[in-house]
Amino acid sequence: LALQPRRGGPKNLPIAEVFIDDDVTKSKPRLVILGGGWGGVALLKELNPDDYNVTVISPANYFLFTPMLPSATVGTLELRSLVEPIRRIISRVHGHFIRARAEDVEFSEKLVEVSQLDHKGKEVRFYVPYDKLVVAVGSSTNPHGVKGLENAFFLKDINDARMIRNKVIQNLELACLPTTSDDERKRLLSFVVSGGGPTGVEFAAELFDLLNEDLTRHFPRLLRNEISVHIIQSRGHILNTYDETVSKYAEERFNRDQIEVLTNSRVKEVQPDKIIFSQKQEDGSVITKELPIGFCLWSTGVSPTSLSQKLAKKLGSVQTNRHALETDTHLRLNGAPLGDVYAIGDCSTVQNNVAESIVTFLRNLAWKRGIEPEKLQLHFSDWRQVAQDVKKRFPQAINHLKRLDKLFFEFDKDQSGTLDFGELRELLNQIDSKLTSLPATAQRAHQQGCYLAHKFNKMARISDAMLANDIRDGDLDAAIYKAFEYRHLGSLAYIGNSAVFDLGEGWSMAGGLWAVYAWRSVYFAQSVSFRTRSLMAMDWMKRGLFGRDLVA
Ligand code: FAD
Ligand code: MG
Ligand code: MG
Ligand code: MG
Ligand code: MG
């Protein structure tokens, strides 16, 4: 049993073969998954138990149910209820778990370089060999180059939620001290959320619920009008990626609840006791403003992790997207040896060349009309046809399609009712940048994880027969399995005891209490296990009966 791992690879590090290949599994392909979040776990849940020798590498040994994280920050839910041990999930496929961070990938030698701190706090590094690798490492918070973010809180992980919860409670307690001045109390009770996307909006709503429901009961000394909640949003509206009705509903709701929404505002700096931002006025001028803060949440979108950045750089010019690792429609990482490496979830995007396909369509149209493409004048009805074609071929673009109609009029600069070549070119540029990105959602990561699992299951069954049929060097992925298609099932955002739904394609609903239950049941159904579901149900029941636990 005292086998020493062989060393090798470009850095001559130990190779974790002995650990990973026990006799029983030796003949199976080694499937290594980086990350135990939505993408990785969906894959694990759908994979046939005995086809692969599975290893998951992740610095977190739990799966985190992110959609409920905003609730956990204010004690509506227990933090424990939102996590599920990876080792429990992995046992179904008899896999291995390595609690460590992937640092790099040697594509030609099929090795993942991994790091972890040992018991003395010293960094150890080793390689994990793979036959198939799935990169599902998620994303990190986008700092947008703003100064003073050490004074802000983030909401990505369970520890973030814990820190936020402690801070909120600490501020409430400090505000109650008899020695606290009026100004200081106002500052302590000024909660600012930077970012009007779903996370920021849900957090603001949860916080407001807490302040309204529990505060008057447990902190009778605090006056409701001393508390303020503000959302700072760079765009003209909050939830601006959602349908207009949803966005409007949320704003009206917040307006009624006295949550201040500051739109067209950019944060410049976060200081320990105030936030400085610039706001664009209606006349186009920009003025600088500031707000005292007792607490600031930073949630202004996502950016690639350091691993993603490193891999993109390594793969060179085929990786052109600054925001994510690009894959082909079979989710294979562009630039890596075909069929070895896949990328799913927030860290990735599917390259689909929408604009290229539209250009082809236009060439055909010009040809049919017997004119040069440069002479083409596109009417709205032609444009609708183009949109139909895009929709059929790129179902993952569906989320953006409701805007395609609007784009026609937006880009018809001379308002002639037709688009000429120049106007079309401008429009295609915009489409290219917009339609090639998939949303960074649990929904998408989940769909991609399931897609890969089903494909891998099929590969394990079929590959011998296929190999016998001489498809050895062919494109196995494309030969045996369809391309990935994203299905937009609607977005959901929680705003203060009511939920707003955006079901895509112009369907949306916004409502009162019934919506809360609908919202909860959707997340119940999506929730990973009966254990998690039971824990959350108990939390909600407890909160209903006793209110939130405000201890830290
Ligand atoms: P993640 O789920 O983030 O998982 C990444 C995994 O990789 C983690 O286990 C991480 O520890 C691990 N990892 C990171 N770096 C490395 C490394 N170098 N090596 C190995 N492992 C690594 N989406 C929705 O659809 N609906 C919602 O309501 C919703 N609400 C949200 C609320 C909050 C507060 C947040 C933060 C996100 C929310 N999202 C929601 C977005 C959703 O969580 C993400 O889109 C989803 O988690 C993406 O899945 P993923 O597998 O790509 O990444
Ligand atoms: Mg994942
Ligand atoms: Mg996660
Ligand atoms: Mg990912
Ligand atoms: Mg025109």
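Coordinates for the structure precede this section.
Just so it is clear, the model here is predicted, and its values are computed rather than measured. (Residues numbered from 1 in each chain as written. Chains lettered and ligands numbered in written order. Predicted model: local features only at pLDDT ≥ 70, side-chain atom pairs only at ≥ 80, totals over all residues. Heavy atoms only, no water.)

Caption draft 1: Structural view of the overall build of the chain. Looking only at helices and strands, one finds 17 helices and 28 strands in the chain. Buried positions account for 53% of the 552 residues belonging to the chain. Intrachain contacts of the chain at a sequence separation of at least 6 include 65% that bridge at least 24 residues. With an accessible surface of roughly 26,400 Å², the chain has 52% of that area assigned to carbon and sulfur atoms. (Helix = DSSP H or I, 4+ residues; strand = E, 2+ residues; numbered from the N terminus. Buried < 20%, exposed > 50% of the residue type's maximum accessible area, 1.4 Å probe, protein only. Contact = heavy atoms within 4.5 Å. Areas by Shrake-Rupley, 256 points an atom, 1.4 Å probe, with all protein chains shown as cover.)

Caption draft 2: Geometry of the pattern of salt bridges. In this structure the tally under the stated criterion is 20 salt bridges. Between Arg30 and Asp131 there is a salt bridge whose closest N-O contact spans 3.7 Å. Here the residue Arg30 occupies a position in strand 3 (residues 30-34), and Asp131 occupies one in the loop between strand 10 (123-129) and strand 11 (132-135), the gap between them amounting to 101 residues. For Arg30, a relative accessible area of 16% translates into the label buried. (Salt bridge = Lys/Arg side-chain N within 4 Å of Asp/Glu carboxyl O.)

Caption draft 3: Expanded view of the pairing of strand 14 (residues 228-232). Within strand 14, four of the five residues are buried, which leaves the element mostly enclosed by the surrounding structure. In this region the chain leaves strand 13 (residues 190-194), passes through helix 7 (residues 198-218) and returns to the parallel neighbour strand 14; the handedness of that crossover is right-handed. Pairing geometry for strand 14 and strand 15 (residues 259-262), over four bridges, is parallel. From the neighbouring strand, Val229 faces strand 15, where its bridge partner is Ile259. (Right-handed = clockwise from strand over helix to strand, strands pointing away. Pairing = 2+ DSSP bridges.)

Caption draft 4: Structural context of the environment of Ala100. You can see Ala100 is positioned in the loop between strand 7 (96-98) and strand 8 (101-106). Here the alpha-carbon distance between Ala100 and Ser58, two residues 42 residues apart in the chain, equals 5.3 Å. Apart from residues lying up to four places away in sequence, Ala100 is in contact with Ile57, Ser58, Pro59, Val114, Ser115 and Gln116.

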